[in-house]
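Remarks on the overall topology
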Amino acid sequence: MTCHVVPDEVSVKVPYLSYEDKHALNRLTAYGRSTLEWSSLRCGCFHCGSSFVASKITDWMREEEGADTALCPYCGCDAVLYDTKEFPLSTALLSSMYMEWFKSEYQEREAVATYAPPFSGYDDYLRQGIVFRMERSPRYELVGEVELWLMDNISDWDWLVDKGLAELYSDNMADTGSYAEEEKNQKGEPDEKNKDAGGLLRIVAHVENGGSTEYEFIDELGHVLSYPLWGEKDYCLLHELLEKYGSHLMGLLVEPFDSKVRLVVKHEEEAAAPAAVLGETR
Ligand SMILES: [Zn+2]
């Protein structure tokens, strides 16, 4: 199945759908033949994320009560939405609907994905249709996983002080604070370097003054993950795998704010081919 996912422009507003909205949109998929046949309405399928004009629809599902229901020309699913005033069609809208109505399929695909295109933050994740484009790719093999030190992981301050880790946490708090201010201050130059990274990540090792090694994850857009590794075991694993695979070892974040970075190895014969040409539409 080759789908036709078209990432939204940055100007596209990401819809935040209520429970009722999601149901209203789901009802919109049914009995559409009289509206859609021969029309030039913009349509999209929230099963595969494809966008197309209504006249591309050739298969319809017979309904007992009412007009036929459109089937997606790309995946054959009865999950075709069309552009309305209340719910302007966008890839972000399709992404949100997919995550709601095909939740278990989404979670299953997410769990085994070894490739995802680059994205920065949650809105971008939806606009780029990453939910449809992440995949278990034969080009990348999963060899491990490390955990990052996200804020969400830290619930017990005393535990941190006990472990002598409180200082590191404070540093991260400072980073997050400055990022939040930049977001608010629209006039200021956004700090591209520290935007939320996502997708495939290059791994760069830095030997610090004390002789210890710190690792940096940098995505295809040049954004650096601003969180350190979670534990000693993760440092050892990363060290070991880097020795073994060198620059073929890459990190992978398939979801925004995920604390787990998958470690994948790019197969040599594919190394010359770019993983994807993305981000240029924005
Ligand atoms: Zn489809």
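Residues numbered from 1 in each chain as written. Predicted model: local features only at pLDDT ≥ 70, side-chain atom pairs only at ≥ 80, totals over all residues.

1. Here's the deal with the overall build of the protein
Across its full length, the protein carries nine helices and 10 strands. Scored against the burial criterion, the 282 residues of the protein give a buried share of 28%. A separation of at least 24 residues holds for 69% of the contacts in the protein among residues at least 6 apart in sequence. (Helix = DSSP H or I, 4+ residues; strand = E, 2+ residues; numbered from the N terminus. Buried ≥ 20, exposed ≤ 12 C-beta atoms within 10 Å, placed from the backbone. Contact = placed C-beta atoms within 7 Å.)

2. Considering the sheet that holds strand S5 (residues 80-82)
Here we have three strands laid out as an open sheet, ordered S2-S1-S5, and antiparallel in their pairing. Both edges of this open sheet fall to strand S2 (51-53) and S5, since each of them pairs with a single strand only. Across the sheet, the mean angle separating the axes of adjacent strands is 35° when strand polarity is ignored. (Pairing = 2+ DSSP bridges. Axes fitted to C-alpha atoms, helices over the stretch in contact; angles between N-to-C directions.)

3. Some thoughts on the sheet that holds strand S9 (residues 249-253)
Paired through backbone hydrogen bonds, the strands of a sheet run either parallel or antiparallel to each other. Spatial ordering of the open sheet is given by S6-S10-S9-S7-S8, a layout of five strands whose pairing is antiparallel. One side of each edge strand has no neighbouring strand; the edge strands of this open sheet are strand S6 (140-147) and strand S8 (213-219). Sheet twist, expressed as the mean angle between neighbouring strand axes with direction ignored, is 40°. Relative to strand S10 (residues 260-266), S6 runs antiparallel, the two being bridged by seven bridges. Residue Val146 lies in a different strand from S10, and its bridge partner there is Val261. Relative to S6, helix H9 (residues 232-245) is tilted by about 155°, and along the sheet it contacts S6, strand S7 (199-207), S8, S9 and S10.

4. A short note on the environment of Leu263
Take Leu263: it is sitting in strand S10. A sequence separation of 62 residues divides Leu263 from Leu201, and the C-alpha atoms of the two residues are 9.2 Å apart.

5. Focus on the confidence of the model for the protein
The share of residues in the protein with pLDDT of 70 or more is 78%, and the mean pLDDT across the chain is 83. Scored below 50 in pLDDT, residues 171-191 makes nine contacts in the model with residues more than four places away or belonging to other chains. Within the model, pLDDT remains below 50 along residues 277-282, and this stretch shows seven contacts once partners closer than five positions in the same chain are excluded. (pLDDT = per-residue confidence, 0-100.)

6. Considerations on the pairing of S10
For S10, the tally of buried residues reaches five of seven residues, placing the bulk of the element in the interior. In the sheet, S9 pairs with S10 via four bridges, with the strands oriented antiparallel. Directly across from Leu252, in S10, lies its bridge partner Arg262.

7. Side note on unusual backbone geometry
One non-glycine residue, Tyr31, adopts positive backbone phi at about 55°. Within the element layout of this structure, Tyr31 appears in the loop between helix H1 (19-28) and helix H2 (33-36).

8. Notes on the nonpolar core
Ranked by size, the top nonpolar core spans 47 residues in total, and within it Phe46, Val80, Ala116, Met134, Leu201, Leu252 and Val261 carry the most contacts. No other element matches helix H3 (residues 91-101), which puts five residues into this core. Each of domain 1 (1-101) and domain 2 (140-150 + 195-270) contributes no fewer than three residues to this core. Ignoring sequence-local partners within four residues, the contact set of Leu201 consists of Phe217, Ile218, Asp219, Leu225, Met250, Gly251, Leu252, Leu253 and Val261. (Core = buried A, V, L, I, M, F, W, Y, C linked by C-beta atoms within 7 Å. Domains from an automatic or database assignment.)

9. Section: H9
Helical geometry note: an α-helix holds 3.6 residues per turn, so side chains three or four residues apart project in the same direction. The first and last C-alpha atoms of H9 sit 20 Å apart over 14 residues, in line with the 20 Å expected at 1.5 Å per residue. Gly246 lies just past H9 and shows a positive phi near 55°. (Expected span 1.5 Å × (residues − 1).)

10. Let's talk about the environment of Phe87
In this structure, Phe87 sits in the loop between S5 and H3. Between the alpha carbons of Phe87 and Ala24 there is a distance of 9.8 Å; along the sequence they are 63 residues apart. With residues near it in sequence (within four places) discarded, Phe87 still touches Pro15, Leu25 and Leu93.

11. Some thoughts on the pairing of strand S1 (residues 42-45)
The side chains of a regular strand alternate, first on one face of the sheet and then on the other. Of the strand pairs in this sheet, S1 and S2 are connected by three bridges, and their pairing is antiparallel. Its bridge partner lying in S2, Cys43 is registered against Phe52. The loop that links S1 with its antiparallel partner S2 comprises five residues; one of these, Gly49, has a positive phi angle of about 85°. When S1 meets S5, the two strands line up antiparallel, connected through three bridges. Within S5, the position partnered with Cys45 by the bridge is Val80.

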